[in-house]
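Okay, here's what each chain looks like letter by letter:
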Amino acid sequence: MAANMEPAIILVRPQMGENIGAAARAMLNFGLTDMRLVAPRDGWPNPKAIAMASGAAGKVLDQARVYPTLAEAMADIDYAYATTARGRELTKPVLTPASAMADARERVGQGGRVAVIFGPERAGLENDDVARANAIITVPVNPDFPSLNLAQAVLLNGYEWSREQLPAQPAPHGRRPDGEIPATRIEIEKLADHWEERLQDNGFFFPPEKAPAMKLTLRNLWSRLPLTRADTRIFHGMLRQLTRRD
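The following refers to the structure shown. In this text the structure is predicted, and so the values were computed from the model without any measurement. (Residues numbered from 1 in each chain as written. Predicted model: local features only at pLDDT ≥ 70, side-chain atom pairs only at ≥ 80, totals over all residues. Heavy atoms only, no water.)

Some words on the overall build of the protein chain
Counting secondary structure elements, the protein chain contains 9 helices and 7 strands. Over its C-alpha atoms the protein chain spans a radius of gyration of 28 Å, topping by over 25% the 18 Å that the globule rule assigns to 246 residues. Along the longest, intermediate and shortest principal axes, the C-alpha atoms of the protein chain span 90 × 40 × 35 Å. Counting over 246 residues, the protein chain shows a buried share of 39%. Here the contacts in the protein chain between residues at least 6 apart in sequence split such that 83% fall between residues at least 24 apart. Total accessible area on the protein chain stands at roughly 14,100 Å², and carbon and sulfur atoms take up 54% of it. Measuring between centres, the 30 positive side-chain charges of the protein chain sit 4 Å from its 29 negative side-chain charges. (Helix = DSSP H or I, 4+ residues; strand = E, 2+ residues; numbered from the N terminus. Rg over C-alpha atoms; globule rule 2.2 N^0.38 Å. Buried < 20%, exposed > 50% of the residue type's maximum accessible area, 1.4 Å probe, protein only. Contact = heavy atoms within 4.5 Å. Areas by Shrake-Rupley, 256 points an atom, 1.4 Å probe, with all protein chains shown as cover. Lys, Arg positive; Asp, Glu negative; His and termini not counted. Charge placed at Lys NZ, Arg CZ, Asp CG, Glu CD.)

Some remarks on the packing of aromatic side chains
One pass over the structure, following the stated rule, counts 6 aromatic pairs. Judged by centre distance (5.6 Å) and plane angle (55°), the rings of Trp-195 and Trp-222 are tilted. A residue pair is termed long-range when its members are at least 10 positions apart, and Trp-195 in helix 7 (residues 185–201) and Trp-222 in helix 8 (residues 211–224) qualify at 27 residues. Overall, Trp-195 belongs to the buried group, its relative accessible area being 14%. Between Phe-204 and Phe-205, the aromatic rings sit 5.3 Å apart at their centres with planes inclined by 80°, giving edge-to-face as the arrangement. Residue class for Phe-204 comes out partly exposed when judged on its relative accessible area of 44%. Judged by relative accessible area, which is 7%, Phe-205 ranks as buried. (Phe/Tyr/Trp six-rings, centres within 6.5 Å; stacked < 30°, edge-to-face > 60°.)

What to know about the nonpolar core
Core analysis: the largest hydrophobic core is formed by 32 residues, its most contacted members being Ile-9, Leu-11, Met-35, Tyr-81, Met-101, Phe-118 and Val-154. The residues contacting Phe-118, other than those within four sequence positions of it, are Ile-9, Ile-10, Leu-11, Val-12, Thr-83, Leu-125, Leu-150, Ala-153, Val-154 and Asn-157. Judged by nonpolar contacts, the second largest core, of 17 residues, contains Ile-10, Val-38, Leu-70 and Ala-82. (Core = buried A, V, L, I, M, F, W, Y, C linked by side-chain atoms within 4.5 Å.)

Focus on the pairing of strand 1 (residues 8–12)
Buried residues dominate strand 1, accounting for 5 of its 5 residues. Every second residue of strand 1 is oriented toward a common face, with Ala-8, Ile-10 and Val-12 on one face and Ile-9 and Leu-11 on the other, all of them buried. Note that strand 1 and strand 6 (residues 114–118) share 4 bridges and pair parallel. Bridge pairing in strand 6 links Leu-11 to Phe-118. In this structure, strand 1 lies alongside strand 2 (residues 35–38), joined through 4 bridges in parallel fashion. Across the sheet, Val-12 pairs through a bridge with Val-38, a residue of strand 2. (Pairing = 2+ DSSP bridges.)

Observations concerning the packing of helix 7 against helix 8
Helix-helix packing is characterised by the crossing angle of the two axes and by the distance between the axes. Closest axis-to-axis distance for the helix 7/helix 8 pair is 10 Å, and the angle between their directions is 145°. In this structure, helix 7 crosses over helix 8, and the sense of that crossing is right-handed. For the pair formed by helix 7 and helix 8, the contact residues are Arg-185, Ile-188, Glu-189, Leu-191, Ala-192, Asp-193, Trp-195, Glu-196, Leu-199 and Gln-200 on the first element and Lys-215, Leu-218, Arg-219, Trp-222 and Ser-223 on the second. (Axes fitted to C-alpha atoms, helices over the stretch in contact; angles between N-to-C directions. Left-handed = near helix turned anticlockwise from the far one by under 90°.)

Describing the sheet that holds strand 7 (residues 135–137)
Taken together, 7 strands build an open sheet; the order of strands is 3-2-1-6-4-7-5 and the sheet is parallel. Only two strands of the sheet have a single partner each, and these edge strands are strand 3 (65–67) and strand 5 (94–95).

As for a nonpolar patch on the surface
Together, Val-141, Leu-148 and Leu-156 line one region of the surface with nonpolar side chains, adding up to about 190 Å² of accessible area. By the element assignment, Leu-156 lies in helix 6 (residues 150–162). (Patch = residues over 30% accessible without salt bridge, like charges linked within 9 Å, V, L, I, M, F, W, Y side chains within 5 Å. Salt bridge = Lys/Arg side-chain N within 4 Å of Asp/Glu carboxyl O.)

Considering the pairing of strand 2
A regular strand places its side chains on the two faces of the sheet in alternate fashion. Both faces of strand 2 are covered, namely the face carrying Met-35 and Leu-37 and the face carrying Arg-36 and Val-38. As for the winding sense of the linkage, the β-α-β connection from strand 1 through helix 1 (residues 17–29) to strand 2 is right-handed. Sheet topology places strand 2 next to strand 3; 3 bridges connect them, and they run parallel. The partner of Arg-36 across the bridge, within strand 3, is Arg-65. (Right-handed = clockwise from strand over helix to strand, strands pointing away.)

Quick notes on the pattern of salt bridges
Summed over all chains, the structure comprises 13 salt bridges. The salt bridge partner of Arg-36 is Asp-76, with a shortest N-O separation of 2.7 Å. Residue Arg-36 is located in strand 2, and its partner Asp-76 is located in the loop between helix 3 (70–73) and strand 4 (79–83); the two are separated by 40 residues in the primary sequence. Of the residues examined, Arg-36 reaches a relative accessible area of 1% and is grouped as buried.

Given below as structure tokens:
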């Protein structure tokens, strides 16, 4: 998705490089790359942020823009959401991450630019920061323990933004382990051939006049089993061990 078609993630006065890096990782988990930093406490660039970001450093941190004020970071933004558990004394819509990001998708679909604003790790956004936003995002968490760290907050909103584009299954097909990928027809045929050959060599198909029916039954058995790729390797290995010549 083009940068102007995704929310800008604005971190206001972030305090620790590690938290910036973790936020970058959370962003890239859901395809977000437009990070903007407002007056980071320890300056920029920050080696600790780069180390924590890992694979997200090149795609997020290297393109991150730094601004002295929130107003400058929001110069091209049409609608902004401030993430805070406070600020209810300010008259603004208060949304959950789910409803906020549904609203954001609609605004972006109409050509608008949106941003989600996150405050410093310890104190969160100040009222002056919240006042610049159009709406407030508050996560409905356990009231006895409402604290979220910066990366968690970014992750929640990133997930809600991308949820309609996420794959239907938990892991994309190409990255699933072989223990979860169904065996192909060719893999099952090769497995059936291997067993038939070894059983033939060891006199299993007896008497000869019953061999065709026995082979057909066995072939049908293999095709009925819900085998994965890992299963076929196990069955090949079992057969090789059973028929190994000492």
